[in-house]
Amino acid sequence: MAQQPFNRNFRRPVQKEDEHRINQRIRVPQVRLVGDNVEQGIFDIEQALAMAKAQSLDLVEIVPTANPPVCRIVDYSKFKYDQKKKQKEIKAKAAKTVIKEIRFGPQTDDHDFSFKLKHAISFLKENAKVKAYVHFVGRQIVFKDQGVELLKRFIAGLDDYGKPEGELKLEGKRMIVFIAPKAQKK
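As the structure is a prediction and not an experimental result, all values here were calculated from the model.

Within the structure shown, the criterion is met by five salt bridges. Between glutamate 101 and lysine 131 there is a salt bridge; the shortest N-O distance is 3.6 Å. In this pair, glutamate 101 is assigned in strand S5 (residues 99–104) and lysine 131 in strand S6 (residues 129–135), connecting sequence segments 30 residues apart. When its relative accessible area of 15% is taken as the criterion, lysine 131 is described as buried.

Running from N to C, helix H3 (residues 110–125) and helix H4 (residues 144–157) point in directions that differ by 45°, and their axes come no closer than 10 Å. Taken together, the axis directions place H3 and H4 in an arrangement best described as oblique. Remark: the crossing between H3 and H4 carries right-handed chirality. For the pair H3 and H4, the contacting residues are Asp110, Phe113, Lys116, Leu117 and Ala120 in the first and Leu150, Arg153, Phe154 and Gly157 in the second.

Our next topic: the sheet that holds strand S1 (residues 30–34). Strand order in the open sheet formed by four strands is S2-S1-S4-S3, and the pairing between neighbours is mixed. Two strands close off the open sheet at either side, each with one partner strand: strand S2 (41–44) and strand S3 (58–63). Neighbouring strand axes in the sheet, compared pairwise and without regard to direction, differ in orientation by 45° on average. Alignment of S1 against S2, held across four bridges, turns out to be antiparallel. If you follow glutamine 30 over to S2, its bridge partner there is aspartate 44. Of the strands in this sheet, S1, S2, S3 and strand S4 (70–74) are in contact with helix H1 (residues 45–54), which crosses S2 at around 100°. Its contacts with the sheet put helix H2 (residues 76–93) on S3 and S4, and the angle it makes with S3 is roughly 35°.

This part is about the pairing of S6. With five of seven residues buried, S6 is to be regarded as a mostly interior element. Judged from the six bridges that link them, S5 and S6 form a sheet pairing that is parallel. Among the inter-strand pairings, isoleucine 102 is bridged to a residue of S6, identified as alanine 132. On the question of chirality, the crossover connecting S5 to the parallel S6 by way of H3 is right-handed.

For the structure shown, the criterion picks out four aromatic pairs. When the ring of phenylalanine 113 is compared with that of phenylalanine 154, the centres are 6.1 Å apart and the planes differ by 80°; the resulting orientation is edge-to-face. Note that phenylalanine 113 is positioned in helix H3 and phenylalanine 154 in helix H4, a separation of 41 residues in sequence. Across this residue pair, the class does not change: phenylalanine 113 and phenylalanine 154 are buried.

Reading the values: the criteria
Residues numbered from 1 in each chain as written. Predicted model: local features only at pLDDT ≥ 70, side-chain atom pairs only at ≥ 80, totals over all residues. Heavy atoms only, no water. Salt bridge = Lys/Arg side-chain N within 4 Å of Asp/Glu carboxyl O. Helix = DSSP H or I, 4+ residues; strand = E, 2+ residues; numbered from the N terminus. Buried < 20%, exposed > 50% of the residue type's maximum accessible area, 1.4 Å probe, protein only. Axes fitted to C-alpha atoms, helices over the stretch in contact; angles between N-to-C directions. Parallel < 35°, antiparallel > 145°, perpendicular 65-115°, else oblique. Left-handed = near helix turned anticlockwise from the far one by under 90°. Contact = heavy atoms within 4.5 Å. Pairing = 2+ DSSP bridges. Right-handed = clockwise from strand over helix to strand, strands pointing away. Phe/Tyr/Trp six-rings, centres within 6.5 Å; stacked < 30°, edge-to-face > 60°.

Below is the structure:
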């Protein structure tokens, strides 16, 4: 039988270390037991392990930084499942920020300005942030004062719906301002 050549790119799957120590991995003399199905208090590690074994469950270290560490007697696989479920719920409830961009030129006329202002108002009503910027092309950079005036007028037009996050910034050939939506009254 021919031997396969050694593959340098082969990597063994990395075993991810559990974030909680369980059963014999807990190496402290005493632990504080908490939970529903046990008598709460401070116990020797052997006594706590015996209590967990008597219930056919695992001793799981919940708060390793406490003195003595806090442990709970639970089914470890169910405990991990519940932890993942909680993390998913937290992630789902986290607010996702949407940023909408509105671009101006330094000589944007009044009709285009009011049209873009209406769009910005609708974006802010939808709880999206607005990134408004004046883009200077070529030698238009000499009209910085027109860009500042335009963005200040834009911020004033959105005063009822949002407020600027910080001052106007000039980054390269763009003058930028971020506008966050105001908290809506219910």
